[in-house]
Protein chains: 2
Amino acid sequence: MNPRPTMEDVAARARVSRALVSIVYRNAPGASDETRARVLAAGDALGYRPDHRARLLGSRQRTRLIGVAFDVRYPFHGDLVEALYPAAEALGYNLTLSAVTGSRRESAAAQSLLDYRCESLILLGPTSPPAALTALADSQPTVVIARKLRASGVHVVRTDDAAGSRLAVEHLLSLGHTQIAHVDGVRAPGAAERRTAYVQTMRRAGRAPVIIPGGPTESAGTEAARRLPRNITAVAAFNDACAIGLLHTLRASGRRVPEEVSIIGYDDSTPSRLDHIQLSTIAQNAHGLAAAALDLATCVDRSPQEVVISPDLVRRKT
Amino acid sequence: MNPRPTMEDVAARARVSRALVSIVYRNAPGASDETRARVLAAGDALGYRPDHRARLLGSRQRTRLIGVAFDVRYPFHGDLVEALYPAAEALGYNLTLSAVTGSRRESAAAQSLLDYRCESLILLGPTSPPAALTALADSQPTVVIARKLRASGVHVVRTDDAAGSRLAVEHLLSLGHTQIAHVDGVRAPGAAERRTAYVQTMRRAGRAPVIIPGGPTESAGTEAARRLPRNITAVAAFNDACAIGLLHTLRASGRRVPEEVSIIGYDDSTPSRLDHIQLSTIAQNAHGLAAAALDLATCVDRSPQEVVISPDLVRRKT
DNA sequence: GCTCGTGACTAGAGCGCTCTAGTCGAGTCG
DNA sequence: CGACTCGACTAGAGCGCTCTAGTCACGAGC
């Protein structure tokens, strides 16, 4: 519980000036290797760690801090956060997180990031209206991940949902299926792109599209299973949760998956990887999204743009 | 993209000193209501927001900042974070998050929190060895949530697992079941307490305990389902994931839940609430845990202690 | 009338850093 | 040999705040 050592303490112990300690800890040129080692040794002995806040205050413009607003309720946001950390580190940036929860609104999360003087903001699947996002982007670069939108001044990084949907359908076609249904995401983000791509891919293959209303949840999948025509042998679901609900309900009603019905999900979420599920799915490339987002976040004065990342097919057992 | 206004700008606009602006924004005594309004108006007009960093640097001892290290992969950590925000706000504290991920170790997360000069640390279900936690607690109050451990200097807030397990078994007994099995968590945290309480409660009720090896995952539940004796009519599972694996496998093999077999989980996780699952379970009281953790985190110079929160039975459909 | 208290406000020194503008000594070169 | 350059290092201002120690005006109390 003793007060933390400061640069002054390290400087005194290493018998150099405070400024030199700063040089050493910033890895800046202007210190001999010998002194560098001595300063570092003194710092270690005292358990010194630079004060991040003071560091930011002192450095004139660049804070090398990026704020990330994410929703604790979405596992995919967790995957993105995980991918963002190494991507930020590679560029010499630090991440500050702010959570969106059931009771903490996105605007509050974003404002608290601004209080920390983040250089730029990365918002994961934000639900704020475009105007609010534009307002945020007015004061610093703002990158939106995983939401398709046109808000002026905002960078957008997202997965190519049309390509993903096409990938799913082509996979099922290549397996020899002809009666392929799509369980729709209805109004969920991305649902329209996935539905349209499904229809187009089916038409191009000379097959009749069958669309079943669904949604982004397991219960939507459960519901969709009840409406599934008996002649259907393969289903491309809106997302993994929906596919899993469908899977369980189909199995419970005696239909064998994948023997009788093939199912493909979308997201490559954690549940899809579980032993007893092993859902084939379309993976959003979290690392690709993260890298692109950081690239945009760190380039100041770049005109707002949209980066679309291709998804990948993950073949598992359904 | 224009530089953010500072206190100086607000002071100039309101025609007062910088110090007075500080007084107003801190809600400290020493300014007339009239001036207060004028300063606030000037701040609003400029879009001024105090710099959190500078604020903390300036304020001598207390930073009113609490660092939270959580694991993005655990939904329950999300619930805890959600509960921590309002609890912190109520005490006038701010939260800084740092994520533990597959590739970012707990120690890195904790260190980055220290760089931000957090007054205290709250670690959710840490996996670090007790010695590492004691070392952390040496420099500031440290609270561990959801892990039973004896590390000197560290506060612990956790759920009463014995009581939870007892609650689960008593619930099943009260439903008239006599052949109740426990699917064990083996080496998972809390498994020993839950197992012991199960055995004790069964003995006290004059029933023979049946323990089936399992684990904390869905696949463990799937495995346990295969080993489940046919005469068992109720199962208290180690946790929800295990219970859900068990549930699906049992249903797939034709046994009806809850008609033929009752299942109770543990955690009240999000999947347990899903429409087609509706798992009865034992809820860890996230708000209670959060409040207790903040209480401990904010009281400096309090001797390390352990707070045990009672869990609740959530009756659903299994 | 003079002290004293009080509320409203300000000056200025930090907080722990970064960064610019130096100093200082050793080597280079014409 | 004096004018340079160059690497190693230091002094000190400044980042945007907070906070202590004032100042100043005004009214109460003796």
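Residues numbered from 1 in each chain as written. Chains lettered and ligands numbered in written order. Predicted model: local features only at pLDDT ≥ 70, side-chain atom pairs only at ≥ 80, totals over all residues. Heavy atoms only, no water.

The name given to chain A in an unreviewed UniProt entry is LacI family transcriptional regulator, with the source organism recorded as Kribbella turkmenica.

Asker: Summarise the pattern of salt bridges; cite the residues concerned and give the values.
Answerer: Side-chain pairs of opposite charge can arise where the charged atoms are in close proximity. What the rule picks out here adds up to 29 salt bridges over all chains. For the salt bridge of Glu260(B) with Arg255(B), the shortest nitrogen-to-oxygen distance reads 4.0 Å. Looking at Glu260(B), the relative accessible area reads 34%, which means it is partly exposed. The structure contains a network of salt bridges with shared partners spanning Asp51(A), Arg53(A) and Arg117(B). (Salt bridge = Lys/Arg side-chain N within 4 Å of Asp/Glu carboxyl O. Buried < 20%, exposed > 50% of the residue type's maximum accessible area, 1.4 Å probe, protein only.)

Asker: Tell me about the protein's contact with DNA strand D, residues and numbers included.
Answerer: Neighbouring DNA strand D are 30 residues, the closest being Ser17(A), Thr35(A), Ser22(B), Arg26(B) and Arg55(B). The sugar-phosphate share of atoms of DNA strand D within 4 Å of the protein amounts to 67%. One nitrogen or oxygen atom from the side chain of Arg55(B) is found 2.7 Å from a phosphate oxygen belonging to DNA strand D. Contributions of two or more residues to the surface near DNA strand D are made by helix H2 (18-26) and helix H4 (52-58) of chain A together with helix H2 (18-26) and helix H4 (52-58) of chain B. (Near = heavy atom within 4 Å. Polar contact = N/O pair within 3.5 Å; in protein donor to acceptor, adjacent residues only side chain to side chain. Helix = DSSP H or I, 4+ residues; strand = E, 2+ residues; numbered from the N terminus.)

Asker: Tell me about the pairing of strand E2 (residues 94-100) of chain B, and please be specific about residues and values.
Answerer: Looking down a regular strand, the side chains alternate between one sheet face and the other. Residues and elements named next belong to chain B. Burial runs high along E2: six of the seven residues are buried. The sheet contact formed by strand E1 (residues 65-71) and E2 spans seven bridges and is parallel. When the bridges of E2 are listed, Phe70 appears paired with Ala99. Between the parallel elements E1 and E2, the chain passes through helix H5 (residues 75-90) in a crossover that is right-handed. (Pairing = 2+ DSSP bridges. Right-handed = clockwise from strand over helix to strand, strands pointing away.)

Asker: Talk me through the sheet that holds strand E6 (residues 180-183) of chain A; I want residue IDs and the actual numbers.
Answerer: Residue and element names in this part refer to chain A. In space, the four strands of this open sheet follow the order E7-E6-E8-E9, with parallel pairing throughout. Bordering the open sheet on either side are strand E7 (210-212) and strand E9 (262-264), each of which pairs with just one other strand. Averaged over all adjacent pairs, the angle separating strand axes in this sheet is 25°, with direction ignored. When strand E8 (residues 234-237) meets E9, the two strands line up parallel, connected through three bridges. Bridging from a neighbouring strand, Val235 pairs with Ile263 of E9. (Axes fitted to C-alpha atoms, helices over the stretch in contact; angles between N-to-C directions.)

Asker: Give me the relation of the copies chain A and chain B: which residues, what numbers.
Answerer: For the match of chain A to chain B, the screw axis carries a shift of 0.1 Å, the RMSD comes to 0.3 Å, and the turn is 180°. On this basis, the relationship between the two copies can be described by a two-fold rotation axis. A high fraction, 100%, of the interface residues of chain A reappear at the interface in chain B, so the copies pair face to face through one surface. (Least-squares fit on C-alpha atoms with pLDDT ≥ 70 in both. Contact = heavy atoms within 4.5 Å.)

Asker: Requested: an account of the environment of Ala192(B), with residues and values cited.
Answerer: Residues and elements named next belong to chain B. Among the structural elements, Ala192 can be located in helix H9 (residues 191-204). Judged by its relative accessible area of 39%, Ala192 is partly exposed. Once the C-alpha coordinates of Ala192 and Ile212 are considered, the two residues, 20 residues apart in sequence, prove to be 13 Å apart.

Asker: Tell me about the packing of H2(A) against helix H3 (residues 33-46) of chain A, and name the residues and values.
Answerer: Residue and element names in this part refer to chain A. Their axes nearest at 10 Å, the elements H2 and H3 cross at an angle of 95°. As far as their axial angle goes, H3 and H2 are roughly perpendicular. Of the residues in H3, those touching H2 at Leu20, Val21, Ile23, Val24 and Tyr25 are Thr35, Arg36, Val39, Leu40, Gly43 and Asp44. Taken together, the residues of the contact of H2 with H3 sort by class into seven nonpolar, two polar and two charged. (Parallel < 35°, antiparallel > 145°, perpendicular 65-115°, else oblique. Nonpolar A, V, L, I, M, F, W, Y, C, P; charged D, E, K, R; others polar.)

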